[in-house]
Each structure stands twice: as structure tokens, then as C-alpha cells.
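Single-letter residue listing:
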Amino acid sequence: MKMPSVKYQRGEMVMGRWPGSSLYYEVKVLGYDTKSQLYTVIYKDGTELELKEQDIRNIAGFQTRSRSRSRSRSPGRRRSRSRSPARTTRRSSSRTAAAVAAAAIMESAPSSRRDAKLKDTLEVRLSPLQQTSAAENNSNNKHEKKEENNTANKVNEFESKVEAEPELNQGRYNLRRRKEDGDAKPVETKPEQLEEKDAKVAAAAPANLSTPLDFGGKIGAYFWLLFLPAWVLFVVLQGDLEDPSLVNFPPPLPPLEEFWDAQALGFVILWVLLQALLYILPFGKLSEGMPLSSGERLKYRTNGFFAITVSALAAAAAVYLGVDLTYIHSHFLQLATATFLISVLLSAYLYVHSCYAEPAQLALGGNSGNVVYDFFKGRELNPRIKNFDLKFFCEMRPGLIGWCLINFAMALAEMKEQRLDAPSYSMILVNLFQLLYVVDGLWNEEAILTTMDLMHDGFGFMLAFGDLVWVPFTYTLQAYYLVSHPNPLSLPAVGAIITLKLVGFYIFRKSNSEKNAFRRNPSDPKLSHLKTIPTATGKSLLVSGWWGVVRHPNYLGDLIMALAWSLPCGFSHLLPWYYMIYFIILLVHRDSRDMSECRRKYGSAWDEYCRTVRYRIIPRVY
Ligand SMILES: NC(=O)c1ccc[n+]([C@@H]2O[C@H](COP(=O)([O-])OP(=O)(O)OC[C@H]3O[C@@H](n4cnc5c(N)ncnc54)[C@H](OP(=O)(O)O)[C@@H]3O)[C@@H](O)[C@H]2O)c1
Ligand SMILES: CC(C)CCC[C@@H](C)[C@H]1CC[C@H]2C3=C(CC[C@]12C)[C@@]1(C)CC[C@H](O)C(C)(C)[C@@H]1CC3
């Protein structure tokens, strides 16, 4: 049956603008509603949207223009063809969103600018760019020239405009939710289906260009490089004082030779080697990471639970054989110094390694061209020595398992120093709570592959130092503190603290598992009751379940647990509360980093998510 006399007919293939962006995708017209004057269209991944006529273009115009012009004219294009693996993947598809976007630009730009624009487009490996009106082009001309090579900025610029003008997104389209749709096709795509679209979106942020600088930019990087090690030194020295405090004036530095102990360095190296050995043993699952911009998926040996079990047995055997693990307490400063040295050497290696990496292997941040900033932030996304993934290994093994070993040593040190037959309740709680946290992380090790660090952040000093020094030497402060500052707990207090920990753990685990399961298999029947918002990348956003309560329910659970870790230490000093304070700052900052990253990736769909789920971490508060 023919539709009423309208421009596009049912069943016709046309190019539909993705709401809130200027990207056009191939869509099929399903119908036209005369009342709302909207076309219902379906994208290739099954997403159905309602679009206005002005957001639909004829497919033919796109094809001829993109083929005839963009193929032959730009040397940039020829260069990028051979260089980028991401590009290779896209070449196989007949009409890419990028080519379409290039055509869209040409439609509107005056010819001289058009060529410059086209060159831009092609030199950034066919990143999807926005279609700009002639008027906008003129007014932005100067500005754009200045940022000619910075597509990342262009994308951001456009998105902030969308944010400032929400009506651009609202009213123009309706997003259909699976649940409400009844028999509508699922809007999710399987990971394999995601790859091509993912690759297109990743290309919107070319690896050799940077997002706005984070952590206070270049000056900030100098500051953090000095401050972070100094802070570890400060808290390690404080923990030994009779009256420690976060607001104490720093105690006088011990003589230099006190920092150094060759034996301590030897122990640290042995520990890292043991963990590396356990990591490469062919036990446990080989898990696939999320698709990279090239569409490739790296494999990771997720045998962390095996590693901590063997490490625990080794520690127990050592104690049984008479090894005095309280050495860790008495040589805390020397062990921290040795580990710090290793983290600096590793960071230097990572920086050099990244200089030989393909542009496509670089992370989006950390490629500012400023050596200090890039050294700090990390340039390469997944540095590997053959199959040995350095970032994954450092994040999940030596520091994390080392944290539990140190806590255990502190419990032994407490018994020795306080002349106890068994550790105090407070020490037991801190040990068990943090052990549960680490074991849970290792048990669900695969879930780390969908976190920000693994997916987006480069591996540089920040993470190397964070994983190897910061985690084991500052996350253990509660146990370190309790060795010389006993805090007796009543049984009701123990019960209340355990309850708090369990509540936090439940929220943390449930929300992380929900997101991980959804990202790995969006059509998982167990998640079919959840509402989602489709996005232009082909991925969707959960908008009910835990991710419908706040935008970071996993942070909420984590914070509640952090509270339960500090409470056993009482309120007489601020030092054991350091983790709580640090964690609030870290998670608030991480949340805002993630918000900007998601806004960049998902555009108007993200704004829609934020309108639906209003609070970031704590319901009705923040
Ligand atoms: N103990 C510590 O020191 C520490 C420090 C930091 C973090 N953590 C914990 O580590 C875990 C991981 O944290 P993270 O910072 O990497 O953040 P995360 O919350 O695990 O990951 C954020 C990513 O999740 C995806 N996402 C966001 N909203 C979504 C939604 N509504 N539906 C589906 N996907 C959505 C987005 O990525 P895509 O859309 O690209 O998939 C986003 O970039 C958390 O539990 C956190 O508490 C612990
Ligand atoms: C100030 C800087 C030195 C900050 C450094 C940050 C890192 C220490 C953290 C960033 C992501 C964190 C993280 C865990 C540990 C600490 C970080 C590496 C984690 C491995 C702890 C166990 C959890 O179960 C986890 C796997 C969810 C978690 C992932 C993120």
C-alpha cells in the first residue's frame, strides 16, 4: 500500500540524521504519521526512530558526491588508507557514516572551504563530522581554521551546543524503549555487530589528537608527579607516629639511607615476578576485551582468583616455615621506596614503548605532545609484550594482591606489638572487608575489561604508580594504623559495621555485574526487563535497574564500603579516614571525566539519559 503523498515512501532506503548529531546513517522508511508529520525509520541495527522530513536525505546524492569527490582528490585520504587499521575495516562497507558526513559537508560548504573541510575529514581517517550550515560556516570560519586539525574539539564544541539547546534534541525524535515497544525489534546489538559502528565512533576521536587536558593540564601534571609520591611518603611516615594526623606538619624526613634497602627491592622484584608467572600460566579463562577502534578484541588471561589463591597458600607456607612477615611492617618505607623506583622505571619504559606504537594504539587522552603531561597520563592504550598485557597485569595483580598480603602482615604485626593471641576485631574487620573487595575483583576479573581504565585510559605514570605504589601503600593505611593504635569494638558496633559493608557490597556487585553483563551481551534474557536508550554508536545505555537509580551506582556501593573500612578505626585520628576522603575526591572526579567522555561518545542520547537519571552518585543528594 502506498503512503499518502509524502516525500519518502514506505520501504524506501534513505539517509537518516542521527538525532542531536549531524551524522547520517542508511535507514529504511517504515511509515509516516500525518498528524505528527514524522517518519518512522529503522536503522540497520534495528533501532527505530521518528524523524522529521528535514532530517532525511536522499541516498543517491550522498553516494555520488562522496564517491566522485572524496576518493580521488585528497592526498590525505590516500595516506590514511594505508596507515590506519580502523580505516581498513571501514573500507569494506560500501557507504560509511564518515563518507556520508563528508558528503554532507560538501553539500553545504562553499567550494574553497569545502576542500579544506574535506581534507580535514579525510586526514582524520574519515571521522564523522557535523554538517554545518553556510551561515555557521561563515561565522565559525576563523575559529575553525585555528583548530583545523583538532576534530576532537569540533565534536565537543558541537555537543556543548546541543546541550545548551536541549530543544535541538527534544521534540525532533522519539526514542523507543524495548519494554514499551511490545513487539518492536530489540534496539541492542551483539558485541560482534557493534564492532563496525564502534570503530566509526572511535574514529571520531582519532588517536593522535587529544581531548581537553585533564588533571589540571600540563602544569597539573608537574604538580601530580611531585605531589603523589610526596603524599605516599607523608602518610607512610605519619602511620608510625604516636599521634598521626592528616593535618600534622610533615614530620622531619628520615636520613636518605633509611629509604634504601636492597633486600626490600629484592623482595618487591620477587613478588612482581611471582605474580607475572601466575599470570602467564595457562590456567583460567581467556577473556575478550571490548572492541578496539580497529574492531580487534584483545585477549586477557583472567586467572586472578587462581593467582590470589596460590599467593595466599605461599604466604601461609612462609609463615608456617617461620618467615617473619612483620618485616613488611617494619620495612614499610623501604618497600614503598623500592616499589616507587620500579613504577618510575616502568613508566619510562611505557613512554618509550608508546613512541613506537601505531597511532591507532594510542589512547585519546595523553597525546598532547607535552612530554611531561603524556608521561603522567599515559599514551598507549594497551601496551603489551607479546601477549602480556602490562596495564591489565599491573591493575589486577602485584598491587591488588600485595594489598592483602600487607594487611595480613599488619595483623601479625599488631599481635606482636600489642602482645595479642589473635588480631583485634577492628583488624579482623578491616582485613576481611578488604580481602572480600579484592577477591571479588579477581573473581569477576573479566568485568575490569569494561571499566574506564581498561577501555579509555592510556597506561603511564598515573596508573603505573597508582597500581603499584598507591594501592598497596595507602589502601593499607587502616591496617597499618591499627597496629599501633588499637580501637576496641563492641559486638553491636561490629554487627552494624558488617551490615553496612554488606549493603555497600551488594550495590557495588549488582550494579557492576548488571553493566558488565549488558555490555557483553545486550540481548541477555536476564536483562530483558531493563529499559535502555539506544545511541548512535549501536551501544545502548541502561536506564532502569541500578543504572536507573543513579548514574554511577557502582561508585555509591564502593563509597558505602569505604565508610565501613574506616569505621573500625574509630574517630580519634583522621589518618584512617584518609581513604574515605581520597575516595570521594577520586570518584567525583572520575564521574565527571566519565560524564564528558560519554557525552562525547553518545551525544544527545547521553543528555537524554542524564535527564532521566538525574543524580550522579547519591540519590537526591549528588
Ligand atoms: N577502589 C578504587 O580505588 C577504585 C577506584 C576507581 C574505581 N573503582 C571501582 O571500579 C569500578 C569501575 O569504575 P569505572 O570508573 O571504570 O567506571 P564504570 O562505571 O565501571 O564505567 C563507566 C562506563 O560505563 C558505561 N556506562 C555508563 N553509564 C552506563 C549506562 N547507563 N548503561 C550502560 N553502560 C554505561 C560507559 O562506558 P561504555 O558505554 O563505553 O561501555 C562508561 O564510560 C567501579 O565499581 C568503581 O567503584 C574503584
Ligand atoms: C591518584 C592516582 C594515583 C589514582 C590512581 C588510581 C588507581 C589506583 C585506581 C584507578 C582505578 C582503580 C580500580 C581498582 C584499584 C584502584 C585503581 C586502579 C580496582 C582494581 C580495585 C578492585 C575492584 O574490585 C575493581 C576491580 C572494581 C577496581 C577497578 C578500578
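Calculation rules
- Residues numbered from 1 in each chain as written.
- Chains lettered and ligands numbered in written order.
- Predicted model: local features only at pLDDT ≥ 70, side-chain atom pairs only at ≥ 80, totals over all residues.
- Heavy atoms only, no water.
- Near = heavy atom within 4 Å.
- Areas by Shrake-Rupley, 256 points an atom, 1.4 Å probe, with all protein chains shown as cover.
- Helix = DSSP H or I, 4+ residues; strand = E, 2+ residues; numbered from the N terminus.
- Salt bridge = Lys/Arg side-chain N within 4 Å of Asp/Glu carboxyl O.
- Buried < 20%, exposed > 50% of the residue type's maximum accessible area, 1.4 Å probe, protein only.
- Expected span 1.5 Å × (residues − 1).
- Arc of directions from axis to C-beta.
- Polar contact = N/O pair within 3.5 Å; in protein donor to acceptor, adjacent residues only side chain to side chain.
- Axes fitted to C-alpha atoms, helices over the stretch in contact; angles between N-to-C directions.
- Parallel < 35°, antiparallel > 145°, perpendicular 65-115°, else oblique.
- Contact = heavy atoms within 4.5 Å.
- Nonpolar A, V, L, I, M, F, W, Y, C, P; charged D, E, K, R; others polar.
- UniProt positions renumbered as here; feature names shortened; annotations may be inferred.
- Phe/Tyr/Trp six-rings, centres within 6.5 Å; stacked < 30°, edge-to-face > 60°.
- Pairing = 2+ DSSP bridges.

Structural notes on the site of ligand 2
Turning to step 1, where the next piece is worked out: Surrounding ligand 2, one finds 15 residues, the nearest of these being Gly441, Ile448, Asp453, Asp467 and Arg590.
Turning to step 2, where the next piece is worked out: Its free accessible area being 630 Å², ligand 2 has 87% of it covered by the protein chains.
Turning to step 3, where the next piece is worked out: Contributing elements (two or more residues each) for the shell around ligand 2: helix H16 (390-396), helix H18 (425-443) and helix H20 (461-474).
Turning to step 4, where the next piece is worked out: Of all the elements, H20 adds the most residues to the shell around ligand 2, at four residues.

Structural notes on the environment of Tyr425
Turning to step 1, where the next piece is worked out: Secondary-structure assignment places Tyr425 in helix H18.
Turning to step 2, where the next piece is worked out: It is 7.7 Å that separates the C-alpha atoms of Tyr425 and Val494, two residues lying 69 residues apart in sequence.

As for the pattern of salt bridges
Turning to step 1, where the next piece is worked out: Enumeration according to the criterion identifies 15 salt bridges in this entry.
Turning to step 2, where the next piece is worked out: Here Lys285 ties to Glu446 by a salt bridge, and the two come within 2.9 Å at their closest N and O atoms. Highlighted residues: Lys285 in strand E6 (residues 285-288) and Glu446 in the loop between H18 and helix H19 (452-455), separated in sequence by 161 residues.
Turning to step 3, where the next piece is worked out: A salt bridge links Arg600 to Glu597; the shortest N-O distance between them is 3.0 Å. Taken as a pair, Arg600 and Glu597 lie in helix H24 (residues 578-602) at a separation of three residues, close to a single helical turn.
Turning to step 4, where the next piece is worked out: Looking at Glu597, the relative accessible area reads 16%, which means it is buried.

Examining helix H11 (residues 262-280)
Turning to step 1, where the next piece is worked out: Over its 19 residues, H11 runs 27 Å from end to end, which matches the ideal 27 Å to within 8%, given 1.5 Å per residue.
Turning to step 2, where the next piece is worked out: Along H11, the residues classified as buried are Ala264, Val268, Trp271, Gln275, Ala276, Leu278 and Tyr279. Angular distribution of buried residues about the axis of H11 spans 165 degrees; they occupy a single face of the element. Those residues of H11 that are exposed and aimed more than 90 degrees away from the buried face are Ala262, Leu270, Leu273 and Ile280.
Turning to step 3, where the next piece is worked out: Two or three places before Gln263, at the opening of H11, Asp261 has a side-chain oxygen 2.8 Å from that residue's backbone nitrogen.

So, the site of ligand 1
Turning to step 1, where the next piece is worked out: As a matter of local geometry, ligand 1 sits amid 29 residues, with Tyr475, Tyr555, Asp558, Lys601 and Tyr602 nearest to it.
Turning to step 2, where the next piece is worked out: Measuring from a nitrogen atom of ligand 1, one finds a side-chain N or O atom of Tyr579 at 3.3 Å.
Turning to step 3, where the next piece is worked out: Within the side chain of Tyr602, a nitrogen or oxygen atom sits 2.3 Å from an oxygen atom of ligand 1.
Turning to step 4, where the next piece is worked out: Protein burial of ligand 1: of its 910 Å² of free accessible surface, 93% is covered by the chains.
Turning to step 5, where the next piece is worked out: For the shell around ligand 1, the secondary structure elements donating two or more residues are H19, helix H22 (491-520), strand E11 (540-542), helix H23 (553-566), H24 and helix H25 (604-612).

Considerations on the packing of helix H12 (residues 304-320) against H18
Turning to step 1, where the next piece is worked out: Where H12 meets H18, the closest approach of the two axes is 7 Å, and the angle between their N-to-C directions is 135 degrees. Considered as vectors, H12 and H18 are oriented oblique to each other. Contact residues: H12 offers Gly304, Phe305 and Ile308, while H18 offers Leu435, Val438, Val439, Leu442 and Trp443.
Turning to step 2, where the next piece is worked out: Grouping the constituent residues of the contact of H12 with H18 by class yields seven nonpolar, one polar and no charged.

What about the UniProt feature "transmembrane region" (unreviewed entry) in the chain?
Turning to step 1, where the next piece is worked out: Under the UniProt annotation, the feature "transmembrane region" (unreviewed entry) is placed at residues 219-239, 259-281, 302-320, 332-352, 463-483, 489-508, 529-550 and 562-588.
Turning to step 2, where the next piece is worked out: Secondary structure within residues 332-352 divides into 100% helix and 0% strand; the distance between the first and last C-alpha atoms comes to 30 Å.
Turning to step 3, where the next piece is worked out: End C-alpha to end C-alpha, residues 463-483 measures 29 Å, and it is 90% helix and 0% strand.

Observations regarding the packing of aromatic side chains
Turning to step 1, where the next piece is worked out: Using the criterion set out here, one finds 42 aromatic pairs in the structure.
Turning to step 2, where the next piece is worked out: For the ring pair Phe227 and Trp231, a centre distance of 5.8 Å and an interplane angle of 20 degrees mean the geometry is stacked. With Phe227 and Trp231 both in helix H10 (residues 217-239), this residue pair falls four residues apart, about one helical turn.
Turning to step 3, where the next piece is worked out: Using a relative accessible area of 30% as the deciding quantity, one classes Phe227 as partly exposed.
Turning to step 4, where the next piece is worked out: Centroid distance Phe461 to Phe465: 5.1 Å. Interplanar angle 15 degrees. Geometry classified as stacked. One end of the pair is Phe461 and the other is Phe465, both in helix H20 and four residues apart, which spans about a single turn.
Turning to step 5, where the next piece is worked out: By relative accessible area, which is 2% here, Phe465 ends up buried.

Digging into the pairing of strand E1 (residues 13-17)
Turning to step 1, where the next piece is worked out: When you tally the buried positions in E1, you get four out of five residues, the bulk of the element.
Turning to step 2, where the next piece is worked out: Pairing of E1 with strand E2 (residues 24-33) involves five bridges; the strand directions are antiparallel. Across the sheet, the residue bridging to Met15 is Glu26, located in E2.
Turning to step 3, where the next piece is worked out: Bridging between E1 and strand E5 (residues 56-57) involves two bridges; their strand directions are antiparallel. Along E5, the bridge assignment pairs Met15 with Arg57.

Some words on H24
Turning to step 1, where the next piece is worked out: Taking 1.5 Å of rise per residue, the 25 residues of H24 would be expected to cover 36 Å, and the 35 Å separating its terminal C-alpha atoms lies within 8% of that figure.
Turning to step 2, where the next piece is worked out: Note on H24: the residue one or two positions beyond its end, Gly603, has a positive phi of about 55 degrees.

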